[in-house]
Amino acid sequence: MIDLHILERLNAPTREARLENLRDVLKTAQFPPMVPQYINNHIHTTYSFSPYSPTAAVFAARAEGLCTAGIVDHDSIAGAPEFLEAAELVGIPATVGMECRVSMDGTVLAGRRTNNPDQVGVSYMTLQGVPHDRIAGLNDWFAPYRARRGDRNRKMVANINGLLPGTDLDYDRDVLPLSQAADGGGVTERHLMYALARKMVARAGRGQGLVDYLTSIGIDLSEKQRRQLLDTAYPFYEYDVLGILKAVFVPEIYVDATDECPNIRELVALARDVGAVLCYAYLGDVGDSVTGDKKAQKFEDDYLDDVFACLKDCGVPAVTYMPTRNTPAQLARLRRLCEENGIFQVSGEDINSPRQSFVIRAMEDPQFQNLIDATWKLIDYETGKIPMDLYR
């Protein structure tokens, strides 16, 4: 975690102020050496949900020794120009992309759970290596989908108020100001839960008062969660509350996403037109969660061969995965299927919490050198140094 005073300056209200503050901070900043193995192509910013603006995210990545950094926000790539400018100031190569969900209707995966904990028949995908002259047009393309997601978010806020009478959560007053929606950013379920967390903290206070309140509404807290809630000095207290609420309430208030998700074939055509690398985001069954952030749940492992057949049929050229999150057996199988099917491999681990490190320690393993090489290919492709056509 970077110095809180610096973070506050790099999270200033406007892009111009954030970048100007970065220029000032860099006059005295001292960074560790870049570590060649440390790359991360999946950093979320305030343009989806994160404690970091694009400027702050770049600074934090460099402060932890990353040699490259990549922005990936939900339903939005509006933060990419700021991310690229901050990266140039800091002196770190960057890659830009975005994350979205697609409908699998019309494929063998229709009605089946893949990598989405909340909904069957809808899969997470990323668009990586977006050429810089296509950023604005790509964000405009997703504008109607962000608007439809906003409509669904309002329904989920109504569900929260129905589930917790007296909460009086208002989407326009309490949720939207926590986002960059006005500047083309996305709004996710995390924003809803963060707004709810702030409401609860304002109502019950920090510490034992909040523990008692959450217990009174039927939330069974783990010992770790209790310790976190009793740490009233933690500067990102509401983020810990958010984590608890997300696991408990999202399944209760969730409304299925329908018209806010383009069909997978439509997204393949878009990616091909833009020149982006479309990736299926492998999750894999979660048992004893390697990272401890997901409950046990079955995802796509039982029919992973069908997933790859679907990707080939639809023309999806790449898979992205997070080595820290999977077992060695899962990774070995996934990587074998990628190689057998000529699928490009991209990596990154999503950063959206202040307790996370930007460093992926798994990258120190020589077997993942291909993922490091892939990152540099994306960077060189985006900047026009090399051609890269993965579509068949």
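Residues numbered from 1 in each chain as written. Predicted model: local features only at pLDDT ≥ 70, side-chain atom pairs only at ≥ 80, totals over all residues. Heavy atoms only, no water.

Caption draft 1: View of the sheet that holds strand 5 (residues 318-321). In space, the six strands of this open sheet follow the order 1-2-3-4-5-6, with mixed pairing throughout. Since the sheet does not close on itself, it has two edges, and those belong to strand 1 (69-74) and strand 6 (344-347), each with one partner. Between one strand axis and the next, the sheet turns by 35 degrees as a mean value, whatever way the strands run. Sheet topology places strand 4 (residues 277-281) next to strand 5; three bridges connect them, and they run parallel. Residue pairing across strands places Cys279 opposite Ala318, the latter belonging to strand 5. (Pairing = 2+ DSSP bridges. Helix = DSSP H or I, 4+ residues; strand = E, 2+ residues; numbered from the N terminus. Axes fitted to C-alpha atoms, helices over the stretch in contact; angles between N-to-C directions.)

Caption draft 2: The pattern of salt bridges, seen in detail. For the coordinates displayed, the defined rule picks out 27 salt bridges. We note a salt bridge from Arg134 to Asp273, for which the minimum N-O separation is 3.1 Å. Remark: Asp273 occurs in helix 12 (residues 264-274) and Arg134 occurs in the loop between strand 3 (122-128) and helix 5 (135-141); sequence separation between them is 139 residues. Salt bridges here are not isolated pairs; linked through shared partners, they connect Asp75, Arg101, Arg149, Arg152, Glu189 and Glu260. (Salt bridge = Lys/Arg side-chain N within 4 Å of Asp/Glu carboxyl O.)

Caption draft 3: Main features of the packing of aromatic side chains. Overall, the coordinates contain 10 aromatic pairs when judged by the stated rule. Relative to Tyr145, the ring of Phe142 has its centre 6.0 Å away and its plane inclined at 55 degrees; by these criteria the two rings are tilted. For the pair formed by Phe142 and Tyr145, the shared burial category is buried. Ring plane angle 50 degrees and centroid distance 5.1 Å describe the contact between Tyr194 and Tyr239, whose orientation is recorded as tilted. Of this pair, Tyr194 sits in helix 8 (residues 189-204) while Tyr239 sits in helix 11 (residues 237-253), and the two are 45 residues apart along the sequence. Each member of the pair, Tyr194 as well as Tyr239, is classed as buried. (Phe/Tyr/Trp six-rings, centres within 6.5 Å; stacked < 30°, edge-to-face > 60°. Buried < 20%, exposed > 50% of the residue type's maximum accessible area, 1.4 Å probe, protein only.)

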